[in-house]
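Letter by letter, the chains look like this.
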Amino acid sequence: MLLHAPATLDNNARRPVQSGSAYRVDSPPAHALVRPELAEELENVLERFAIEAGVSDHRPVTVFFRPGIFGHHQVGRAADIYAVGGVGLDEWKRRWDDARDRASDAATPLKRQLVVEKEEKENLGWRLYKALQKYGHWAQPYGYPIQLFGPWTRIEGPWKKISDFLLRAHRDHIHVAK
Ligand SMILES: [Zn+2]
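Position numbers for residues start from 1 in each chain and track the written sequence from start to end. Confidence filtering applies because this is a predicted model: local features only for residues at pLDDT of at least 70, side-chain atom pairs given and counted only at 80 or more, and all residues used for totals across whole chains, interfaces and linings. By convention in this description, side-chain values take in all heavy atoms of the structure and omit both hydrogens and water.

A. Up close: the overall build of the protein. Secondary structure elements follow DSSP: runs of H or I of four or more residues count as helices, runs of E of two or more count as strands, with numbering from the N terminus. Counting its regular elements, the protein contains six helices and eight strands. Listing every helix and strand of the protein by position from the N terminus yields β-β-β-α-β-β-β-α-α-α-β-α-α-β. Its C-alpha atoms give the protein principal-axis dimensions of roughly 75 × 40 × 25 Å. In the protein, 63% of the contacts between residues at least 6 apart in sequence involve partners at least 24 apart. Contacts are residue-level and defined by heavy atoms, with any inter-residue pair within 4.5 Å sufficient.

B. Quick peek at the coordination of the zinc ion. Here a donor is any nitrogen, oxygen or sulfur atom (N, O, S) within 2.8 Å of the metal, with 3.2 Å used for Na, K and Ca; water is not among the atoms considered, so some sites may look incomplete. The zinc ion binds to the protein through His73 (NE2), Asp80 (OD), Asp80 (OD) and His175 (ND1), with metal-donor distances spanning 2.0 to 2.8 Å. Metal sites are grouped by the angles between bound donors: all angles between 85 and 135 degrees with four donors is tetrahedral, opposite donors over 155 degrees apart with the others between 65 and 115 is square planar for four donors and octahedral for six, and any other pattern is irregular. Classification of the site at the zinc ion rests on its four donor atoms, whose angles at the metal span 52 to 153°, yielding the label irregular. Sequence positions of the residues that donate to the zinc ion give the spacing H-x6-D-x94-H. Of this pair, Asp80 sits in strand S5 (residues 78-84) while His175 sits in strand S8 (residues 174-177), placing them 95 residues apart in sequence. You'll find Asp80 and His175 in the same group, each marked buried. Each residue is assigned to one of three classes by its accessible area relative to the maximum for its type, calculated with a 1.4 Å probe on protein chains only: buried under 20%, partly exposed between the two thresholds, exposed over 50%.

C. Just the nonpolar core, in detail. We call a set of buried Ala, Val, Leu, Ile, Met, Phe, Trp, Tyr and Cys residues a nonpolar core when their side-chain atoms join them within 4.5 Å. The biggest cluster of nonpolar side chains holds 35 residues, and the ones touching the most others in it are Val17, Leu42, Phe65 and Leu132. Elements with a minimum of two residues in this core: strand S2 (23-25), helix H1 (36-52), strand S4 (61-66), S5, helix H2 (89-105), helix H4 (124-135) and S8. In contact with Phe65, other than residues within four places in its own chain, are Val17, Val25, Ser27, His31, Ala32, Leu42, Leu46, Ala79, Asp80 and Ile81.

D. Broad picture of the environment of Glu120. Inspection of the secondary structure assignment puts Glu120 in helix H3 (residues 109-122). Spatially, the C-alpha atom of Glu120 lies 9.6 Å from that of Ala99, the residues being 21 residues apart in sequence. Apart from residues lying up to four places away in sequence, Glu120 is in contact with Trp96, Trp126 and Arg127.

E. Just the packing of H1 against H4, in detail. Running from N to C, H1 and H4 cross one another at 130°; their axes reach a closest spacing of 9 Å. The angle between H1 and H4 falls in the class oblique. Helix-helix and strand crossings are classified by hand; for H1 and H4 the assignment is right-handed. For the pair H1 and H4, contact is made by Glu41, Leu42, Val45, Leu46, Arg48, Phe49 and Glu52 and by Leu124, Arg127, Leu128, Ala131, Leu132 and Tyr135, respectively. For this classification, Asp, Glu, Lys and Arg are treated as charged, while Ala, Val, Leu, Ile, Met, Phe, Trp, Tyr, Cys and Pro are nonpolar and the rest, including Gly, are polar. Residues of the contact of H1 with H4, tallied by class, amount to nine nonpolar, no polar and four charged. As a rule, the C-alpha atoms of each element are fitted with a line to give its axis, helices using only the stretch in contact, and angles between N-to-C directions run from 0 to 180 degrees. Just so you know how the angles are binned, under 35 degrees is roughly parallel, over 145 roughly antiparallel, 65 to 115 roughly perpendicular, and the rest oblique. Definitions for this section: a left-handed crossing has its near helix turned counterclockwise from the far helix by less than a right angle. A right-handed crossing has that turn clockwise.

F. Fine view of the side chain of His73. Mapped onto the fold, His73 is located in the loop between S4 and S5. With relative accessibility at 12%, the residue His73 sits in the buried group. The contact partners of His73, leaving out residues within four places of it in the chain, are Arg14, Gly68, Ala78, Ala79, Asp80 and His175.

G. The packing of aromatic side chains, seen in detail. Here is the rule: rings of Phe, Tyr and Trp (six-membered ring for Trp) pair when centre to centre is within 6.5 Å. Planes less than 30 degrees apart are stacked, more than 60 are edge-to-face, and the remainder are tilted. Under the counting rule described, the total for this entry stands at three aromatic pairs. A centroid spacing of 5.0 Å and a plane angle of 10° characterise the contact between Trp96 and Trp126, whose relative ring orientation is stacked. Remark: Trp126 occurs in helix H4 and Trp96 occurs in helix H2; sequence separation between them is 30 residues. Exposure remark for Trp126: the relative accessible area of 10% places this residue in the buried category. Against the face of Tyr135 rests Arg48, its NZ or CZ located 3.6 Å from the ring centre. Remark: a charge is flagged as sitting over a ring if the NZ atom of Lys or the CZ atom of Arg is within 6 Å of the ring centre and within 35 degrees of the ring normal. Here the guanidinium or amino end of Arg95 rests over the ring plane of Trp92, the centre of that ring lying 4.9 Å away.

Now the structure itself:
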């Protein structure tokens, strides 16, 4: 006789990614309705990212998801992040590119270093991407790259050989799958 409901056997089980103490999910729950293992992984990384980015309980950093359509999204195994700290990922990338230009124009190596360090500290989009890369455990289907794509994939990896097509498709959001 089965005494416990076989909840863990329910392959369709999904739940929204929840807010943490250092970050707040700003999008409607339906925008990131995913399988529990993905929700948990994202929540752990987002919390760590937000704490390292120096936000406080009083001012949690906001994160905004939008629902995806293809591939892993269809089975709740993927999520797309479009904005962090109230700024779109495309805008964070634009600021990042501007800083790179300023760094290469800098008169001395020290000035160049200061520009880069300031940007790495303040650019929440880049920081989020790096946190997802460093702390997250994402899917890698056989014969495919690790399922972390975003505006920084060609520069930072993990899949630096990302095609122009796929890079363009992720110029305004970060995609993760588990
Ligand atoms: Zn996606």
